[in-house]
Amino acid sequence: MSRWSRANKAVRAELPKGSRVLDVGAARGFGTSSLAGDYALHSVDVKPAEISKAGKGLSSRAVASATALPFAAQSFDGLLCLDVLEHIPDASAVVAEISRVLRPGGLLVLTVPNRGVLRKLDSYNLGVATSIRVR
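A brief look at the structure comes next.

Core analysis: the biggest nonpolar cluster contains 18 residues, and Leu-22, Val-24, Val-44, Leu-69, Phe-71, Leu-79 and Val-101 have the highest contact counts within it. Breaking this core down by element, the ones donating at least two residues are strand E1 (20-24), strand E4 (76-82), helix H3 (91-101) and strand E5 (102-111). Membership of the second largest hydrophobic core comes to 14 residues, among which are Ala-36, Leu-80, Leu-82 and Val-109.

Shown next as structure tokens:
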């Protein structure tokens, strides 16, 4: 959970309230639901049963693959992709879609589980939640 908390803090620190934020691979939205009141939060997940249970306050939710996002180019000020890439065979296709829908200068917060040498020391298998500006 700490990974999601750090991701949410990054959004709050970098984006003004009201910004359009996309949560890719949102499942039920438990990782980013706290952003819904302050941001125009949009959620997508490939599993219909999961996204149908996503929390209230979302601007939209959609069943979609991270490799084919149903949004126009440069639609979002921020994008979260939390613990998704390790489930997708073609990570480069996801990165291409992220690049397409995120506006220039937008914020990307991406996490993956820690699978390195220190993974056994990490009780939550915490990865590094870092944010970058996409140019």
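In this model, the largest pocket occupies a volume close to 310 Å³. The wall of the largest pocket is formed by 16 residues, among which Gly-25, Asp-45, Val-46, Val-84 and His-87 lie closest to the centre. Among the residues making up the lining of the largest pocket, the classes are represented as eight nonpolar, four polar and four charged.

In the Ramachandran plot, Gln-74 falls in the positive-phi region, its phi being about 55 degrees despite a non-glycine side chain. Residue position: Gln-74 is located in the loop between strand E3 (60-63) and E4. The phi angle at Asp-83 is positive, at roughly 60 degrees, despite the residue not being glycine. As for its placement among the helices and strands, Asp-83 is situated in the loop between E4 and H3. Among the residues examined, Asp-83 registers a relative accessible area of 15% and is labelled buried.

Turning our attention to empty space enclosed by the protein. Enumeration according to the criterion identifies one cavity of 30 Å³ or more in this entry. Of the voids in this model, the largest cavity is the one considered here, and its volume is about 40 Å³. Taken together, Gly-29, Thr-32, Ser-33, Ala-36, Leu-41, Ser-43, Gly-55, Lys-56 and Leu-58 form the lining of the largest cavity. Tallied by class, the residues present in the lining of the largest cavity amount to three nonpolar, five polar and one charged.

Conventions used here
Residues numbered from 1 in each chain as written. Predicted model: local features only at pLDDT ≥ 70, side-chain atom pairs only at ≥ 80, totals over all residues. Heavy atoms only, no water. Core = buried A, V, L, I, M, F, W, Y, C linked by side-chain atoms within 4.5 Å. Buried < 20%, exposed > 50% of the residue type's maximum accessible area, 1.4 Å probe, protein only. Helix = DSSP H or I, 4+ residues; strand = E, 2+ residues; numbered from the N terminus. 1 Å grid on protein atoms, 1.4 Å probe; cavity = no way out; pocket = protein on both sides within 12 Å on 5 of 7 lines; lining within 4 Å. Points joined across faces, edges and corners; volume = space filled by probe spheres on them. Nonpolar A, V, L, I, M, F, W, Y, C, P; charged D, E, K, R; others polar.

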